[in-house]
Structure formats: C-alpha cells, structure tokens
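In case you want the letters, here they are:
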Amino acid sequence: MAGKRFHLHLVSDATGETVSTVARACVVQFRDVEAVPHQWWLVRSPSQIERVIAGIAAEPGIVLATVIDGEVRRALEDACRSLRVPFIPILDPVLTALTGYLGLTSLAEPGLQHSLNAEYFSRIDAMHFTLAHDDGQSLDDVNEADVILVGVSRTSKTPTCIYLANRGIKAANIPLVPGQEPPGQLAQAARPLIVGMTRDPKSLTEVRRNRLRFLDRDVPDYVDPDRVKDEVAHARRLFAERHWPVIDMTRRSIEEAAAAILQHLNERGARARETQAVGG
C-alpha cells in the first residue's frame, strides 16, 4: 500500500471547514499516502448534488460529507451505494448521541454554525482588535485584550493571535526588542492573560535566516547565533520573573499553541469563578 494515491471527495452544505479538518486529521495518520481532494461546498439543492455525483462518478473515491438536508443527503448516499464508494456522514455519530441524550430532534438546518449571531460578530470584533494591536501597536487600550502574547521576533506571535481572533479571542502581541525594556502598558495590563512565546535558539536562528532570504535582506545581528541565544535567555528570565505561562514554539504548530492558550484561559476563568464562589 506504500505510495497509494486516492480520490477524496469532501461534500458540505456549508463552508467545508468541519469536513476538511476531519479529513486532514485522519489522512495524516497514514504514511506514504496521497489524498487527491475534491471539494464540494455549499451543496444544498438537488441540482447541486447532481454535479457532485457526476464528479464522484468521474473520479471515484471515499466521500466524507456534512450534509443535513434529508433529500440532498439521500441522493448522495444512494449514488455512492450505486457507485460502490464509501459514504461517511461524519456528523451522524454526534447528532445521534445528542438526540438520544437530550431527547430532542435536531433542527436539520444547514450552515447554522456560520449564522450571523452574536458569536459571529464577536469574532469580527476580535479580528479587528487583533489586527489593530499587532506587533506592539495601539498600546493605550491593550488592557482590553483577552490575551497578550509576548516574545522575541519570529516566535509565531502574529499568526497565533489571528488564529485566536478567529475563535473570538481579542489577542494582542508585543515584541521584545533587544536593548529595550518592555512597554510600561504591559506591566499595567491587569485584565489580559499574558503568555510568553519562545523558541529554541538554533531553530529561531534558522527561521530568521529563512525570513531574511525571503525579504532579500542582510541583517547579521538578527541571525547571529550568540545574539539570538542571549535574546531567548533574556526573554525566558522576564517570563519567569513575571510568572507568565510560556509556550515553546520549537516543535509546536500554531493550532497547538492556540489550544494551549485557550486551556490557560479556561483554567484562569475556572479559578476566578471558584474565588468568586468562596467570596460569595
């Protein structure tokens, strides 16, 4: 089975975010396998599903689907049965369990997770805030952030903040600049969770070199191994002095870093509720 290549049809009645995430999480567990993805988004009508079925017939492969509408789903399921290709409705186990546990019937309305509700507008507000507070900007109101990421250059602060903003978290990031003290607003920020971002000096040096190559620039001090090592050590001392949680990005993805930050936020919120309950 080494080097196997197969067609993978991802069918969704919404944006395809859920089915794409599940597909990626599963496919990476198999070595030397290449999935050829076919993405079919916003499939909500019989005419749209006919186009999908024609595509599956032309290049048969596994079908992963998040389709709620009964008529559209049945058409897809029947076609997969006729074509003898696996049809996997990935939401079914969760919906079935929830229905049994709650004793309720699901609404069966496609795209509800993307409706223009309060949560949606919260994400928009978070994104605006995060973009306005990138790389140490707009420090006067940084205390309004939910999270502040602090670290030396190229420790993935900005992309992690943007990922968090997409989850509705107002995230700011402040760079640590060699030879300069952190801005005073950072010490005065009592509301946000402040997280130190770091990376192994050797890895960080290589990341910075790649960045300079991309920009076609030459900044020797920026990639000097000893200077980089000192920067990282100084940052770690600061994190320890201020008792900030630290996330090492050396072997961690942005998604994993964001998950760790969200966990810190949840734990912080739980401690605050416990304190309030005791005080009450």
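Rules behind the numbers
Residues numbered from 1 in each chain as written. Predicted model: local features only at pLDDT ≥ 70, side-chain atom pairs only at ≥ 80, totals over all residues. Heavy atoms only, no water. Buried < 20%, exposed > 50% of the residue type's maximum accessible area, 1.4 Å probe, protein only. Helix = DSSP H or I, 4+ residues; strand = E, 2+ residues; numbered from the N terminus. Pairing = 2+ DSSP bridges. Right-handed = clockwise from strand over helix to strand, strands pointing away. Expected span 1.5 Å × (residues − 1). Contact = heavy atoms within 4.5 Å. Core = buried A, V, L, I, M, F, W, Y, C linked by side-chain atoms within 4.5 Å.

Enquirer: Describe the pairing of strand β5 (residues 147-151), with residues and values.
Expert: Most of β5 is tucked away, with five of its five residues classed as buried. Residues of β5 alternate between two faces, with V147, L149 and G151 on one and I148 and V150 on the opposite face, all of them buried. Relative to strand β6 (residues 171-175), β5 is paired through five bridges, and the arrangement is parallel. The partner of V147 across the bridge, within β6, is A171. Following the chain from β5 across helix α6 (residues 157-165) to the adjacent parallel β6, one finds a crossover that is right-handed. Where β5 lies against strand β7 (residues 193-198), five bridges are found, and the strand directions are parallel. Bridging from a neighbouring strand, G151 pairs with M197 of β7.

Enquirer: For helix α2 (residues 46-58), give the residues involved together with the corresponding values.
Expert: The terminal C-alpha atoms of α2, which comprises 13 residues, lie 18 Å apart, in line with the 18 Å expected from a rise of 1.5 Å per residue. Next to the buried residues of α2 lie β1 (4-12), β2 (33-40), β3 (62-66) and α3 (70-83).

Enquirer: Tell me about the nonpolar core, residues and numbers included.
Expert: Residues I148, V150, L176, L186 and W244 are the most contacted members of the largest nonpolar core, which totals 20 residues. Per element, the largest residue contribution to this core is five residues, and it comes from helix α9 (residues 225-241). Residue contacts for L186: discarding those within four places in its chain leaves I148, V150, I174, I194, R242 and W244. V147, L149, L193 and V195 belong to the second-largest nonpolar core, a separate cluster that totals 17 residues.

All we've got here are geometric facts, nothing functional implied.
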